[in-house]
Amino acid sequence: MNAIRHLLFATAALAGTALLSCGNTSTKAAAPDAAEEKVKVNVPAFCADSAYAYTARQVAFGPRVPNSAAHRQCGDYLVAQLEAFGAKVYTQQADLVAYDGTLLKSRNIIGAYRPEAVKRILLCAHWDSRPYADQDEEKHHRTAIDGANDGASGVGVLLEIARQLQQQPTSLGIDLVFFDAEDYGAPDFHDGPHKSEYWCLGSQYWGRIPHTPDYKARFGILLDMVGGSNATFFYEGYSQRTANKAMKKIWKAAQQLGYGRYFLQQDGGEVTDDHVFVHQYRQIPCVDIIDYNPNSGTGFNPTWHTLDDTMEHIDKGTLQAVGQTVLHVIYNEQ
Ligand code: AHN
Ligand code: ZN
(Lines give C-alpha, C1' and ligand atoms only; values in the text may rest on other atoms or scores of the structure.)
(Ligands and ions follow the chains in the order given, each with its own letter.)
Protein backbone atom coordinates (compact mmCIF):
# COMPACT_ATOMS: atom_id res chain seq x y z
CA MET A 1 0.00 0.00 0.00
CA ASN A 2 1.53 3.36 -0.91
CA ALA A 3 1.69 6.22 1.59
CA ILE A 4 -1.26 8.21 0.25
CA ARG A 5 -3.57 5.25 0.09
CA HIS A 6 -2.48 4.27 3.56
CA LEU A 7 -3.28 7.74 4.89
CA LEU A 8 -6.67 7.69 3.20
CA PHE A 9 -7.34 4.30 4.62
CA ALA A 10 -6.39 5.32 8.14
CA THR A 11 -8.61 8.40 7.96
CA ALA A 12 -11.55 6.33 6.79
CA ALA A 13 -11.01 3.77 9.53
CA LEU A 14 -10.82 6.40 12.23
CA ALA A 15 -13.93 8.16 10.97
CA GLY A 16 -15.72 4.83 11.01
CA THR A 17 -16.75 5.14 7.38
CA ALA A 18 -16.50 2.57 4.65
CA LEU A 19 -12.99 1.34 4.05
CA LEU A 20 -11.01 1.07 0.86
CA SER A 21 -9.28 -2.14 1.81
CA CYS A 22 -12.20 -4.34 2.74
CA GLY A 23 -15.31 -4.87 0.69
CA ASN A 24 -18.83 -5.59 1.80
CA THR A 25 -18.88 -9.24 0.86
CA SER A 26 -20.32 -11.52 3.44
CA THR A 27 -19.90 -15.24 3.82
CA LYS A 28 -22.94 -17.43 3.53
CA ALA A 29 -23.12 -20.54 5.61
CA ALA A 30 -22.82 -23.71 3.51
CA ALA A 31 -26.01 -24.67 1.69
CA PRO A 32 -27.94 -27.06 3.90
CA ASP A 33 -28.15 -30.72 2.92
CA ALA A 34 -31.61 -32.19 2.56
CA ALA A 35 -30.97 -33.92 5.86
CA GLU A 36 -29.91 -30.84 7.71
CA GLU A 37 -32.32 -27.98 8.46
CA LYS A 38 -29.89 -25.20 9.12
CA VAL A 39 -30.86 -21.55 8.98
CA LYS A 40 -28.75 -19.67 6.46
CA VAL A 41 -27.19 -16.64 8.04
CA ASN A 42 -25.24 -13.87 6.39
CA VAL A 43 -22.10 -13.27 8.36
CA PRO A 44 -20.40 -9.96 7.57
CA ALA A 45 -16.76 -9.94 6.46
CA PHE A 46 -14.41 -8.87 9.24
CA CYS A 47 -11.95 -6.20 8.10
CA ALA A 48 -8.51 -6.77 9.65
CA ASP A 49 -7.16 -3.47 8.25
CA SER A 50 -9.80 -1.70 10.27
CA ALA A 51 -9.08 -3.69 13.47
CA TYR A 52 -5.38 -2.97 12.95
CA ALA A 53 -6.06 0.79 12.67
CA TYR A 54 -8.15 0.75 15.89
CA THR A 55 -5.30 -1.10 17.62
CA ALA A 56 -2.70 1.40 16.38
CA ARG A 57 -4.88 4.32 17.45
CA GLN A 58 -4.92 3.09 21.06
CA VAL A 59 -1.18 2.49 21.08
CA ALA A 60 -0.59 6.02 19.72
CA PHE A 61 -1.91 7.51 22.98
CA GLY A 62 1.05 5.90 24.78
CA PRO A 63 0.89 3.19 27.44
CA ARG A 64 -2.67 3.15 28.90
CA VAL A 65 -1.58 2.83 32.50
CA PRO A 66 -4.30 3.85 34.99
CA ASN A 67 -3.85 7.43 36.36
CA SER A 68 -1.93 8.56 33.25
CA ALA A 69 -3.01 11.13 30.66
CA ALA A 70 -2.74 8.52 27.89
CA HIS A 71 -5.17 6.32 29.82
CA ARG A 72 -7.74 9.11 30.22
CA GLN A 73 -7.44 10.11 26.57
CA CYS A 74 -7.75 6.57 25.28
CA GLY A 75 -10.79 5.97 27.51
CA ASP A 76 -12.45 9.05 26.01
CA TYR A 77 -11.61 7.78 22.53
CA LEU A 78 -13.18 4.37 23.23
CA VAL A 79 -16.40 5.95 24.53
CA ALA A 80 -16.61 8.24 21.48
CA GLN A 81 -15.93 5.39 19.09
CA LEU A 82 -18.62 3.13 20.57
CA GLU A 83 -21.08 6.03 20.39
CA ALA A 84 -20.12 6.68 16.75
CA PHE A 85 -20.86 3.01 16.03
CA GLY A 86 -24.35 3.35 17.47
CA ALA A 87 -23.93 1.46 20.74
CA LYS A 88 -25.67 2.43 23.96
CA VAL A 89 -22.67 3.32 26.08
CA TYR A 90 -22.27 2.85 29.82
CA THR A 91 -19.21 3.84 31.81
CA GLN A 92 -18.31 2.75 35.31
CA GLN A 93 -15.80 4.84 37.18
CA ALA A 94 -14.18 3.39 40.27
CA ASP A 95 -11.11 3.87 42.45
CA LEU A 96 -9.63 0.40 42.65
CA VAL A 97 -6.87 -0.55 45.06
CA ALA A 98 -3.75 -2.06 43.49
CA TYR A 99 -1.42 -4.67 45.06
CA ASP A 100 0.78 -1.87 46.48
CA GLY A 101 -2.09 0.29 47.77
CA THR A 102 -2.11 2.66 44.79
CA LEU A 103 -5.61 3.95 44.01
CA LEU A 104 -6.27 3.37 40.33
CA LYS A 105 -8.76 5.78 38.76
CA SER A 106 -10.44 3.15 36.62
CA ARG A 107 -13.17 3.11 34.03
CA ASN A 108 -14.97 0.10 32.59
CA ILE A 109 -16.55 0.99 29.25
CA ILE A 110 -19.54 -0.91 27.89
CA GLY A 111 -21.24 -0.69 24.50
CA ALA A 112 -24.63 -2.41 24.22
CA TYR A 113 -26.37 -3.44 20.98
CA ARG A 114 -30.08 -4.24 21.14
CA PRO A 115 -30.11 -3.25 24.82
CA GLU A 116 -33.75 -4.35 25.13
CA ALA A 117 -33.06 -7.97 24.09
CA VAL A 118 -33.22 -10.58 26.83
CA LYS A 119 -30.97 -13.11 25.06
CA ARG A 120 -27.47 -11.66 25.09
CA ILE A 121 -23.81 -12.44 24.35
CA LEU A 122 -20.92 -10.79 26.17
CA LEU A 123 -17.72 -9.94 24.28
CA CYS A 124 -14.88 -8.51 26.35
CA ALA A 125 -11.24 -7.45 26.44
CA HIS A 126 -9.08 -5.34 28.74
CA TRP A 127 -8.13 -1.86 27.55
CA ASP A 128 -5.45 -0.88 30.08
CA SER A 129 -1.80 -1.72 29.53
CA ARG A 130 0.83 -2.96 31.95
CA PRO A 131 3.01 -0.45 33.83
CA TYR A 132 5.93 -2.90 33.96
CA ALA A 133 8.05 -4.66 31.33
CA ASP A 134 8.86 -7.21 34.00
CA GLN A 135 9.55 -10.01 31.51
CA ASP A 136 12.18 -7.86 29.79
CA GLU A 137 15.76 -7.11 30.88
CA GLU A 138 15.99 -5.95 34.46
CA LYS A 139 16.68 -2.31 33.56
CA HIS A 140 13.25 -2.17 31.84
CA HIS A 141 11.22 -3.73 34.64
CA ARG A 142 9.66 -0.42 35.74
CA THR A 143 8.97 0.86 32.23
CA ALA A 144 5.39 0.74 30.92
CA ILE A 145 4.73 -1.29 27.78
CA ASP A 146 2.87 -0.30 24.59
CA GLY A 147 0.55 -3.26 25.02
CA ALA A 148 -0.21 -3.47 21.30
CA ASN A 149 -1.03 -7.14 21.64
CA ASP A 150 -1.68 -7.25 25.41
CA GLY A 151 -4.64 -4.92 25.61
CA ALA A 152 -5.06 -2.98 22.37
CA SER A 153 -5.53 -5.96 20.01
CA GLY A 154 -8.61 -7.35 21.78
CA VAL A 155 -10.25 -3.93 21.89
CA GLY A 156 -9.25 -3.32 18.25
CA VAL A 157 -11.07 -6.48 17.17
CA LEU A 158 -14.11 -5.55 19.26
CA LEU A 159 -14.26 -2.04 17.74
CA GLU A 160 -14.33 -3.58 14.27
CA ILE A 161 -17.12 -5.87 15.47
CA ALA A 162 -18.95 -2.77 16.76
CA ARG A 163 -18.68 -1.22 13.29
CA GLN A 164 -20.18 -4.39 11.79
CA LEU A 165 -22.97 -4.52 14.38
CA GLN A 166 -24.07 -1.02 13.43
CA GLN A 167 -24.34 -2.05 9.76
CA GLN A 168 -26.01 -5.40 10.33
CA PRO A 169 -27.69 -6.24 13.63
CA THR A 170 -27.53 -9.70 15.18
CA SER A 171 -30.61 -11.58 16.48
CA LEU A 172 -29.26 -11.53 20.01
CA GLY A 173 -28.24 -8.51 22.04
CA ILE A 174 -24.47 -8.01 22.17
CA ASP A 175 -22.51 -6.30 24.93
CA LEU A 176 -18.94 -5.20 24.33
CA VAL A 177 -17.20 -4.73 27.66
CA PHE A 178 -13.80 -3.05 27.87
CA PHE A 179 -12.40 -3.88 31.30
CA ASP A 180 -9.92 -1.58 32.96
CA ALA A 181 -7.07 -2.40 35.37
CA GLU A 182 -6.57 -5.99 34.26
CA ASP A 183 -2.81 -5.77 33.96
CA TYR A 184 -1.73 -4.11 37.24
CA GLY A 185 -0.86 -7.42 38.92
CA ALA A 186 2.15 -7.52 41.27
CA PRO A 187 5.35 -7.42 39.20
CA ASP A 188 7.98 -10.15 39.41
CA PHE A 189 10.29 -7.80 41.32
CA HIS A 190 7.72 -7.09 44.06
CA ASP A 191 8.58 -8.83 47.30
CA GLY A 192 5.28 -9.47 48.87
CA PRO A 193 2.40 -11.71 47.95
CA HIS A 194 1.49 -12.30 44.31
CA LYS A 195 -2.22 -12.95 44.65
CA SER A 196 -4.25 -13.72 41.57
CA GLU A 197 -6.87 -11.15 42.71
CA TYR A 198 -4.34 -8.38 42.10
CA TRP A 199 -5.06 -8.90 38.39
CA CYS A 200 -8.37 -8.17 36.69
CA LEU A 201 -9.50 -5.39 39.06
CA GLY A 202 -11.93 -3.92 36.53
CA SER A 203 -13.69 -7.19 35.80
CA GLN A 204 -13.95 -7.95 39.53
CA TYR A 205 -15.63 -4.59 40.04
CA TRP A 206 -18.01 -5.17 37.10
CA GLY A 207 -18.75 -8.68 38.39
CA ARG A 208 -19.89 -7.25 41.73
CA ILE A 209 -21.67 -4.25 40.21
CA PRO A 210 -22.62 -4.93 36.58
CA HIS A 211 -23.61 -2.07 34.26
CA THR A 212 -27.26 -3.18 34.40
CA PRO A 213 -28.85 -4.81 37.46
CA ASP A 214 -28.60 -8.60 37.51
CA TYR A 215 -26.86 -8.69 34.13
CA LYS A 216 -26.92 -12.08 32.42
CA ALA A 217 -25.64 -13.43 29.12
CA ARG A 218 -25.86 -16.83 27.42
CA PHE A 219 -22.05 -16.94 27.26
CA GLY A 220 -19.07 -14.63 27.04
CA ILE A 221 -15.93 -14.47 24.90
CA LEU A 222 -12.80 -12.78 26.22
CA LEU A 223 -10.17 -11.66 23.70
CA ASP A 224 -6.67 -11.39 25.18
CA MET A 225 -3.57 -11.06 23.01
CA VAL A 226 -5.31 -11.78 19.72
CA GLY A 227 -2.97 -9.90 17.38
CA GLY A 228 0.45 -11.47 17.79
CA SER A 229 2.43 -13.06 14.99
CA ASN A 230 2.45 -16.88 15.09
CA ALA A 231 -0.40 -16.83 17.60
CA THR A 232 -1.86 -20.13 18.73
CA PHE A 233 -5.08 -20.46 20.69
CA PHE A 234 -5.33 -23.64 22.76
CA TYR A 235 -8.19 -24.79 24.98
CA GLU A 236 -7.52 -22.62 28.06
CA GLY A 237 -8.05 -24.66 31.22
CA TYR A 238 -10.60 -22.59 33.14
CA SER A 239 -12.73 -22.02 30.02
CA GLN A 240 -12.48 -25.71 29.23
CA ARG A 241 -13.97 -26.62 32.63
CA THR A 242 -16.63 -23.89 32.91
CA ALA A 243 -17.57 -22.87 29.35
CA ASN A 244 -16.96 -26.06 27.41
CA LYS A 245 -19.97 -25.84 25.10
CA ALA A 246 -19.23 -22.30 23.94
CA MET A 247 -15.53 -23.10 23.61
CA LYS A 248 -16.16 -26.09 21.33
CA LYS A 249 -18.56 -23.99 19.24
CA ILE A 250 -15.90 -21.32 18.71
CA TRP A 251 -13.11 -23.76 17.84
CA LYS A 252 -15.42 -25.67 15.47
CA ALA A 253 -16.32 -22.44 13.68
CA ALA A 254 -12.63 -21.59 13.36
CA GLN A 255 -11.87 -24.98 11.74
CA GLN A 256 -14.76 -24.52 9.27
CA LEU A 257 -13.49 -21.08 8.31
CA GLY A 258 -9.96 -22.41 7.68
CA TYR A 259 -8.30 -21.00 10.80
CA GLY A 260 -7.23 -24.36 12.22
CA ARG A 261 -3.59 -23.30 12.34
CA TYR A 262 -4.50 -20.60 14.89
CA PHE A 263 -7.20 -22.46 16.84
CA LEU A 264 -5.57 -25.71 17.95
CA GLN A 265 -7.87 -28.37 19.35
CA GLN A 266 -5.45 -29.13 22.18
CA ASP A 267 -5.35 -28.36 25.88
CA GLY A 268 -3.32 -25.35 26.94
CA GLY A 269 -2.56 -23.93 30.37
CA GLU A 270 -4.94 -22.33 32.82
CA VAL A 271 -4.81 -18.56 33.13
CA THR A 272 -6.14 -16.08 35.69
CA ASP A 273 -7.86 -13.61 33.42
CA ASP A 274 -11.06 -11.55 33.27
CA HIS A 275 -13.16 -14.58 32.21
CA VAL A 276 -12.60 -16.18 35.64
CA PHE A 277 -14.30 -13.28 37.41
CA VAL A 278 -17.08 -13.00 34.82
CA HIS A 279 -17.88 -16.60 35.64
CA GLN A 280 -17.33 -16.45 39.42
CA TYR A 281 -19.35 -13.29 40.05
CA ARG A 282 -22.03 -13.54 37.37
CA GLN A 283 -22.17 -17.27 36.58
CA ILE A 284 -21.71 -16.50 32.89
CA PRO A 285 -19.64 -19.17 31.11
CA CYS A 286 -16.86 -17.21 29.43
CA VAL A 287 -14.21 -18.45 26.99
CA ASP A 288 -10.73 -16.94 26.99
CA ILE A 289 -9.26 -16.73 23.51
CA ILE A 290 -5.65 -16.12 24.54
CA ASP A 291 -2.40 -16.65 22.66
CA TYR A 292 -0.73 -19.54 24.45
CA ASN A 293 2.76 -20.65 23.57
CA PRO A 294 3.86 -23.92 25.21
CA ASN A 295 7.51 -23.40 24.22
CA SER A 296 8.21 -19.78 25.20
CA GLY A 297 9.08 -20.14 28.88
CA THR A 298 6.35 -17.73 30.03
CA GLY A 299 3.61 -19.70 28.27
CA PHE A 300 2.73 -16.63 26.22
CA ASN A 301 3.96 -14.82 23.12
CA PRO A 302 7.69 -13.92 23.44
CA THR A 303 6.75 -10.21 23.46
CA TRP A 304 4.54 -10.67 26.54
CA HIS A 305 5.22 -8.01 29.22
CA THR A 306 8.27 -6.77 27.34
CA LEU A 307 9.04 -3.55 25.47
CA ASP A 308 8.65 -5.58 22.26
CA ASP A 309 4.86 -5.67 22.62
CA THR A 310 4.57 -3.07 19.86
CA MET A 311 2.63 -2.55 16.60
CA GLU A 312 5.60 -4.05 14.72
CA HIS A 313 4.64 -7.44 16.09
CA ILE A 314 0.94 -7.20 15.29
CA ASP A 315 -0.20 -9.52 12.50
CA LYS A 316 -3.37 -8.80 10.53
CA GLY A 317 -3.76 -12.52 9.78
CA THR A 318 -4.25 -13.21 13.48
CA LEU A 319 -6.72 -10.33 13.89
CA GLN A 320 -8.64 -11.67 10.87
CA ALA A 321 -8.79 -15.26 12.19
CA VAL A 322 -10.12 -14.17 15.56
CA GLY A 323 -12.47 -11.46 14.30
CA GLN A 324 -14.07 -13.57 11.57
CA THR A 325 -14.50 -16.51 13.93
CA VAL A 326 -16.21 -14.39 16.58
CA LEU A 327 -18.49 -12.80 13.95
CA HIS A 328 -19.43 -16.27 12.70
CA VAL A 329 -20.37 -17.39 16.20
CA ILE A 330 -22.40 -14.34 17.20
CA TYR A 331 -24.34 -14.05 13.90
CA ASN A 332 -25.27 -17.73 14.01
CA GLU A 333 -26.70 -17.58 17.52
CA GLN A 334 -30.51 -17.62 17.57
C1 AHN B 1 -1.31 -13.93 34.92
O2 AHN B 1 -0.19 -13.72 34.50
C3 AHN B 1 -1.58 -14.30 36.34
N4 AHN B 1 -2.36 -13.82 34.15
C5 AHN B 1 -2.24 -13.42 32.79
C6 AHN B 1 -3.36 -12.54 32.46
C7 AHN B 1 -2.89 -11.51 31.57
C8 AHN B 1 -1.93 -10.60 31.80
N9 AHN B 1 -3.36 -11.30 30.37
C10 AHN B 1 -2.70 -10.31 29.87
N11 AHN B 1 -1.84 -9.86 30.72
ZN1 ZN C 1 -0.58 -8.48 30.50
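Provided above is the structure to which this section pertains.
The structure presented is a predicted model; accordingly, all values stated were derived computationally and were not measured.

K.L.:
What should I look at first to understand the overall build of the protein chain in this one?
P.N.:
Secondary structure summary: the protein chain contains 9 helices and 10 strands in total. Among the 334 residues that make up the protein chain, the fraction classed as buried is 57%. Taking contacts inside the protein chain between residues at least 6 apart in sequence as the whole, the part at least 24 apart equals 76%. Approximately 13,800 Å² of the protein chain is accessible, and the part contributed by carbon and sulfur atoms is 50%.

K.L.:
Explain helix α9 (residues 316-331) here, please?
P.N.:
The periodicity of an α-helix, 3.6 residues per turn, causes residues three or four positions apart to be oriented the same way. For α9, with 16 residues, the first-to-last C-alpha span of 22 Å sits near the 22 Å given by 1.5 Å per residue. Among the 16 residues in α9, 14 count as buried, and that is most of the element. The backbone nitrogen of G317 lies 2.7 Å from a side-chain oxygen of the residue at the head of α9, namely D315.

K.L.:
So what exactly am I meant to see when it comes to the pattern of salt bridges here?
P.N.:
Where charged atoms of side chains with opposite charge meet at close range, the side chains can pair. In the structure shown here, the tally under the stated rule is 12 salt bridges. When the shortest N-O distance is used, the salt bridge between R282 and D214 registers 3.9 Å. Residue R282 is found in helix α8 (residues 274-282), and its partner D214 is found in the loop between α5 (201-208) and β7 (219-224); the two are separated by 68 residues along the sequence. On the basis of relative accessible area, R282 is assigned to the buried category, the value being 9%.

K.L.:
I keep staring at the site of ligand 1 and nothing clicks. Help me out?
P.N.:
Every residue near ligand 1 is listed here: D150, E182, D183, W199, D224, M225, V271, T272, W304 and H305. In this structure, D224 approaches ligand 1 through a side-chain N or O atom, which is 2.7 Å from a nitrogen atom. In the environment of ligand 1, a nitrogen atom lies 3.1 Å from a nitrogen or oxygen atom belonging to the backbone of T272. If ligand 1 stood free it would expose 320 Å²; the protein chains cover 87% of that surface. Its residues assigned to classes, the shell around ligand 1 shows 4 nonpolar, 2 polar and 4 charged.

K.L.:
Whenever I open this one, the coordination of the zinc ion (ligand 2) confuses me. Can you help?
P.N.:
In an ideal tetrahedron of four donors about a metal, each angle is 109.5 degrees. In an ideal octahedron of six donors, the angles are 90 or 180 degrees. For the zinc ion (ligand 2), the full set of protein donor atoms is D150 (OD), D183 (OD), D183 (OD) and H305 (NE2), and the range of their distances to it is 1.9 to 2.5 Å. We note that the donor set of the zinc ion (ligand 2) lies within a single chain, spaced as D-x32-D-x121-H. Of this pair, D183 sits in the loop between β6 (173-179) and α5 while H305 sits in the loop between β10 (286-290) and α9, and the two are 122 residues apart along the sequence. Neither residue differs from the other here; D183 and H305 are each classed as buried.

K.L.:
Teacher, can you tell me more about unusual backbone geometry here?
P.N.:
As a rule of thumb, non-glycine residues mostly have phi less than zero, and peptide bonds are mostly trans rather than cis. Notably, N67 is not glycine yet its phi reads approximately 80 degrees, a positive angle. Topologically, N67 is positioned in the loop between α2 (48-60) and α3 (69-84). Despite not being glycine, Q283 has its phi angle at roughly 55 degrees, a positive value. With respect to the secondary-structure elements, Q283 resides in the loop between α8 and β10. Residue classification places Q283 among the exposed positions, given a relative accessible area of 52%.

K.L.:
Help me understand the packing of helix α4 (residues 148-167) against α9, please; the structure alone is not making it clear to me.
P.N.:
The angle between the axes and the distance between the axes are what describe a pair of packed helices. Closest axis-to-axis distance for the α4/α9 pair is 10 Å, and the angle between their directions is 45 degrees. Of the possible angle classes, the one that applies to α4 and α9 is oblique. Judged by the twist between their axes, the crossing of α4 over α9 is right-handed. Contact with α4, carried on its side by S153, V157, I161, Q164 and L165, involves L319, G323, V326, L327, I330 and Y331 of α9 and no other residues of that element. Among the residues making up the contact of α4 with α9, the classes are represented as 8 nonpolar, 3 polar and no charged.

K.L.:
Please explain the pairing of strand β4 (residues 103-113) as it appears in this structure.
P.N.:
Two faces belong to every sheet, and in a regular strand the side chains alternate between them. Burial within β4 is extensive, with 9 of its 11 residues counted as buried. Alignment of strand β3 (residues 88-97) against β4, held across 10 bridges, turns out to be antiparallel. Opposite L96, over in β4, you have L104 as the bridge partner. Counting the residues that bridge the hairpin from β3 to β4 gives 5 residues, and of these G101 lies at a positive phi of roughly 90 degrees. Where β4 lies against β6, 5 bridges are found, and the strand directions are antiparallel. Bridging across to β6, G111 finds its partner in L176.

K.L.:
Help me out: how do you make sense of the packing of α3 against α4 in this one?
P.N.:
Between α3 and α4, the shortest axis-to-axis distance is 9 Å and the interhelical angle comes to 25 degrees. Put simply, α3 runs roughly parallel to α4. Here Y77, L78, Q81, L82 and A84 of α3 lie close against α4, whose contacting residues are V155, L159, A162 and Q166. Residue classes in the contact of α3 with α4 are distributed as 7 nonpolar, 2 polar and no charged.

K.L.:
Would you mind showing me how to read the sheet that holds strand β5 (residues 120-126) here?
P.N.:
Backbone-to-backbone hydrogen bonds pair the strands of a sheet. The strands run either parallel or antiparallel. Pairing is mixed in the open sheet, where 6 strands are placed in the order β3-β4-β6-β5-β7-β10. Two strands in the sheet have a free side with no partner beyond their single neighbour: β3 and β10. Put simply, the sheet's adjacent strands are angled 20 degrees from each other on average, direction ignored. Contacts from α5 reach β3, β4, β5 and β6, with the element oriented near 115 degrees to β3.

Rules behind the numbers
Residues numbered from 1 in each chain as written. Chains lettered and ligands numbered in written order. Predicted model: local features only at pLDDT ≥ 70, side-chain atom pairs only at ≥ 80, totals over all residues. Heavy atoms only, no water. Helix = DSSP H or I, 4+ residues; strand = E, 2+ residues; numbered from the N terminus. Buried < 20%, exposed > 50% of the residue type's maximum accessible area, 1.4 Å probe, protein only. Contact = heavy atoms within 4.5 Å. Areas by Shrake-Rupley, 256 points an atom, 1.4 Å probe, with all protein chains shown as cover. Expected span 1.5 Å × (residues − 1). Polar contact = N/O pair within 3.5 Å; in protein donor to acceptor, adjacent residues only side chain to side chain. Salt bridge = Lys/Arg side-chain N within 4 Å of Asp/Glu carboxyl O. Near = heavy atom within 4 Å. Nonpolar A, V, L, I, M, F, W, Y, C, P; charged D, E, K, R; others polar. Donors = N, O, S within 2.8 Å, 3.2 Å for Na, K, Ca; no water. Axes fitted to C-alpha atoms, helices over the stretch in contact; angles between N-to-C directions. Parallel < 35°, antiparallel > 145°, perpendicular 65-115°, else oblique. Left-handed = near helix turned anticlockwise from the far one by under 90°. Pairing = 2+ DSSP bridges.

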